[in-house]
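Structural characterization, general
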Amino acid sequence: MNIYVCIKQVPDTEAVLNIKEGKFINEENIKWIISPYDEIVLEFALQLKEKNSDFKVTLITVGPPRAESTIRSGLAMGAENAIHIEASDYLDHKTIAKALAQALKNEGDFGVIFTGKQAIDDDASLTHIYLAQSLEIPVVTNVIGFQMEAEKVIVEREIDQGAREKIEMSIPCVIAATKGINDVNEPRYATLMGIMKAKKIPIKKISIQDLGIEGATPTVTTEKLEAPPEKPSGRIIEGEVTESIKELVRLLKDEAKVL
Amino acid sequence: MEDFELSEEQKMIRASIRDFAEGEIAPVAEELDEHEQFSVELTKKMGDIGLFGIFVNPEYGGSGLDYLSYIIAVEEVARIDGSQAATVAAGNSLGIGPLYYFGNQKQKEKWLPELCRGEKLASFGLTEPEAGSDASATKTTAKLENQQWIINGSKIFITNSSSPISSVCMVLAKTGKRTDGKDELSSILVPNGTPGFETKTMKKKLMWRSSDTGELYFDDCQVPEENLLGKRGEGFHQMMETLDNGRLAIAAMGLGGSQGAYELAMKYSKERHQFGVPISTFQVNAFKLADMATEIETARALLYKACRMKNAGLPFSKIAAMSKLYCSEVMGRVVDHAVQLHGGYGLMKEYAVERFYRDQKLLTIGEGTSEIQRLVISRHIGCHS
């Protein structure tokens, strides 16, 4: 079965982000990584492949040329193939999903399509839904458990208060996984041998213009980007304990409005 | 760190080994050091990611990478822990290296795969109690009788020779006299566990406390004639070549250790406040950090040049000696500054910089002292001719 793992290149979680021209991230000096949820689900997909010799894991991403380094990292972990849909401009989630869907249709034979439950840059959690919609296949989000049977998959998804919902789906389908899917919490390290092998794998490059999805009207546009307001520093309430507690309660009620 | 001149693969190797060293080595380094404990488990993990046999052809289980990639990997391990870097550097340069470069097909097939997996370690038996810088004073002998080498003598300070997974030692021994009257030296493979071959782990070390260091004793130890490495009488030449390669790895340990100590010092100096400001803002400290950063970049440029010369097949003996000398001495200055910046806390084991301070000292002594490096360089530049 052909397993696809959708990955997204995002700034490192420790990167210091600066805003450029009011609505872009200044990309200078940013270290780029694979979005951590995508990395976990890639690890999970690789483990599935190790248990099923007829499974093939292909990475797919939409992104600018710099995204290639993230694809190479994924290949170094052990994915066999990769598709890079090159797009330099900012695209909304629906357009990205349409591009992914069209590329997958062109590939023809896809089974389970994995994504992380969200990318850690914009935390939108939208692409996998649009992708399933474009392909007219089922999708489940927040997946924490995954079992495969003959022609179907049985997944468990996290819902409120730690409860789990069990869902049976047909294949093909889109699975948006969370950390801990089948107890997979840590991605593997890319081995030196893996890095060497990855170097030799050709990445299939597709220009987004060649996918024939032009004219797709963006449903979301970025108007403005701003940093969250700086947190005010803490306050110490001085004075007699009985008095200062009264003052604390007053502040919590009247200023912070949490009581 | 400016890595603009590296290939994508080399950058990926750095990133992957850095993640590994921070994730797997950093959490246990202090405790292993404290208990002088060599970790079989961690060595295996280092093998799994590919830290052994980096430059070895995949046909023998290696990764088939170039020398610069190997040096970057050692640098990244040393950035976190000198002991594990020692296991890796000695494992590759002194254990795997001579077998790979001088061994015959049968010897390579027999020993290399498990060495490359990090399941076993090979060692290079050169130094003796009375033959340090003067390796030609080797006293260990190997006599050939009835197609058996009979070995007698002892070795000291041999890295990776006495661990639970040490599998074989390449022992430099006198095998006769040359026509010019000098001793004929040859290397002989002696598997650990051979009767008459005893190892004793050396304890109470100042540095590299979780790497394995052994004292070796040979008492009428017999191995088959076929255990000769390369040709008879090539021992001295093999040793010199092995040490040239080894110097690059020791230099990488100096470079990586410098980088690690510098980062610790920078972090601490920004967090530590005195007189109401971070101590990194005092010019006296800022200039220390500036000097450290400058020397580290210079060391890196020199060492990487040496690796590129080796990759290109150019003579690199002089620049290898320069790299070993410079990188190890830079680390001496860097750790000195780094502990000074930590003040009293730098003297305590709770702060990793203390370990870097101790681990550095080997680098100006092992695999040719700084004095021997200066001798090698002075010969190359023509001082004595």
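Our structure is the block above this text.
Presented here is a report on the structure given in the accompanying data block. (Residues numbered from 1 in each chain as written. Chains lettered and ligands numbered in written order. Predicted model: local features only at pLDDT ≥ 70, side-chain atom pairs only at ≥ 80, totals over all residues. Heavy atoms only, no water.)

1. A word on the overall build of chain B
Worth spelling out the cut-off: Under the scheme used here, helices are H or I runs from DSSP no shorter than 4 residues and strands are E runs no shorter than 2 residues, and both carry numbers assigned from the N terminus. A radius of gyration in this sense is built from C-alpha atoms; the matching globule rule multiplies 2.2 Å by the number of residues raised to 0.38. Remark: exposure states derive from per-residue accessible area (1.4 Å probe, protein chains only) relative to the maximum for the residue type, with buried under 20%, exposed over 50%, and partly exposed in between. Contacts between residues were defined by any pair of non-hydrogen atoms, one from each residue, lying within 4.5 Å. For the charge count, each Lys or Arg is scored as positive and each Asp or Glu as negative, with His and the chain ends excluded. Here the site of a charge means NZ on Lys, CZ on Arg, CG on Asp, or CD on Glu.
When helices and strands are tallied, chain B shows ten helices and ten strands. The C-alpha radius of gyration computed for chain B amounts to 21 Å, which stays within 12% of the reference 21 Å derived for 385 residues, consistent with globular compactness. Along the first, second and third principal axes, the C-alpha set of chain B runs to 80 × 50 × 40 Å. The buried share of chain B, taken over its 385 residues, is 57%. Within chain B, contacts between residues separated by at least 24 positions form 74% of all contacts whose residues are at least 6 apart in sequence. Positive and negative side-chain charges in chain B, numbering 43 and 52 respectively, have mean positions lying 4 Å apart.

2. Notes on a nonpolar patch on the surface
Short version of the rule: Here, patches come from residues exposed beyond 30% relative accessible area and free of salt bridges, joined within 9 Å for like charges and within 5 Å for nonpolar side chains (Val, Leu, Ile, Met, Phe, Trp, Tyr). For accessible areas, the Shrake-Rupley method is used with a probe of radius 1.4 Å. Any residue's cover is judged against the shown protein chains and nothing else. Take a side-chain nitrogen of Lys or Arg and a carboxyl oxygen of Asp or Glu: if they are within 4 Å of each other, that pair is a salt bridge.
Taken together, the side chains of Val241(A), Ile245(A), Val249(A), Val258(A) and Leu259(A) present a nonpolar region at the surface, about 480 Å² in accessible area. Counting through the fold element by element, Val241(A) comes out in helix H6 (residues 241–254).

3. Remarks on the pairing of strand S6 (residues 56–63) of chain A
Walk down a regular strand and you will see the side chains alternate between the two sheet faces. Residue and element names in this part refer to chain A. In plain terms, the rule: Following DSSP output, two strands are said to pair if at least two bridges run between them. Here the term right-handed applies to a crossover when the path leading from its first strand over the helix to its second strand runs clockwise, the strands being oriented away from the viewer.
Within S6, seven of the eight residues are buried, leaving the element largely enclosed by the surrounding structure. In this structure, strand S1 (residues 2–6) lies alongside S6, joined through five bridges in parallel fashion. Across the sheet, the residue bridging to Asn-2 is Lys-56, located in S6. Pairing geometry for S6 and strand S7 (residues 81–86), over six bridges, is parallel. Counterpart to Gly-63 in the pairing with S7 is Glu-86. Since S6 and S7 lie parallel, the crossover through helix H2 (residues 68–77) that links them has a hand, and here it is right-handed.

4. Looking at the interface of chain A and chain B
How we decide: Accessible area that two parts lose when put together, with a 1.4 Å probe and added across both, is what the buried area reports. Between N or O atoms, a polar contact is any pair within 3.5 Å; within protein, one atom must be a potential hydrogen donor and the other a potential acceptor, and residues adjacent in sequence are included only when both atoms are from side chains. Only Asp, Glu, Lys and Arg are considered charged in this grouping, and only Ala, Val, Leu, Ile, Met, Phe, Trp, Tyr, Cys and Pro are considered nonpolar; every other residue, Gly among them, is considered polar.
With twelve residues of chain A at the contact, the number on the chain B side is 19 residues. It is Tyr189(A), Leu192(A) and Ile195(A) in chain A that bury the most area against chain B; as a group they hold 53% of the surface buried on that side. Remark: the boundary between chain A and chain B carries one salt bridge. At the junction of chain A with chain B, the criterion picks out three residue pairs in polar contact (both at pLDDT 80 or more). Contributions of two or more residues to the side of chain A that touches chain B are made by H2 and helix H5 (192–200) of chain A. Sorting elements by how many residues they give to the side of chain A that touches chain B places H5(A) first, with five residues. Within the side of chain A that touches chain B, the residues separate by chemical class into seven nonpolar, three polar and two charged.

5. Observations regarding helix H1 (residues 8–34) of chain B
All names here are of chain B. To be explicit about the condition: Helices are assigned an expected span. That span is 1.5 Å times one less than the residue count. A residue's bend is the angle separating two fitted axes: one through the seven residues that end there, the other through the seven that start there.
Helix length check: H1, at 27 residues, gives a terminal C-alpha distance of 37 Å against a target of 39 Å (1.5 Å per residue), a fit within 8%. Taken as a whole, H1 carries its principal kink of about 50 degrees at Ile-25; the proline Pro-27 stands between one and four residues after it. Phi turns positive one or two residues past the end of H1, at Glu-36, with a value near 50 degrees.

6. Description of the environment of Ile34(A)
Residue and element names in this part refer to chain A. Relative to the helices and strands, Ile-34 resides in strand S5 (residues 32–34). Assessed through its relative accessible area of 8%, Ile-34 is described here as buried. In this structure, the C-alpha to C-alpha distance between Ile-34 and Ala-82, residues 48 residues apart in sequence, is 14 Å. Sequence-distant contacts of Ile-34, that is, excluding residues within four places in its chain, are made with Ile-7, Lys-8, Val-10, Glu-39, Leu-42 and Thr-70.

7. Overview of the environment of Ser210(B)
Tracing the backbone shows Ser210(B) in the loop between strand S6 (197–201) and strand S7 (213–224). Sequence separation of Ser210(B) and Asp81(B) is 129 residues, and the distance between their C-alpha atoms is 9.6 Å.

8. Overview of the packing of aromatic side chains
Rules: Each Phe, Tyr or Trp ring (for Trp, its six-membered ring) is paired with any other whose centre lies within 6.5 Å, and the angle between the two planes then decides the class: stacked below 30 degrees, edge-to-face above 60, tilted in between. The criterion is that NZ of a Lys, or CZ of an Arg, lies within 6 Å of the ring centre and within 35 degrees of the ring normal, and then a charge sits over that ring.
Here the structure, examined in full by the defined rule, presents 16 aromatic pairs over all chains. Between the aromatic rings of Phe44(A) and Phe146(A), the centroid separation amounts to 5.5 Å while the plane-to-plane angle is 80 degrees, which identifies the pairing as edge-to-face. Note that Phe44(A) is positioned in helix H1 (residues 36–51) and Phe146(A) in strand S9 (residues 139–148), a separation of 102 residues in sequence. Three or more aromatic residues link up through ring pairs in this structure, and these residues are Phe55(B), Tyr60(B), Tyr67(B), Tyr70(B), Tyr100(B) and Tyr101(B). Sitting over the face of the ring of Trp32(A), Arg66(A) holds its NZ or CZ atom 3.6 Å from the ring centroid.

9. Side note on the side chain of Asn2(A)
All names here are of chain A. Topologically, Asn-2 is positioned in strand S1. From its side chain, Asn-2 meets the backbone oxygen of Asp-109 in a polar contact 2.7 Å long. Ignoring any residue separated from it by four or fewer positions in sequence, one finds Asn-2 in contact with Lys-56, Asp-109, Phe-110, Gly-111 and Val-112.

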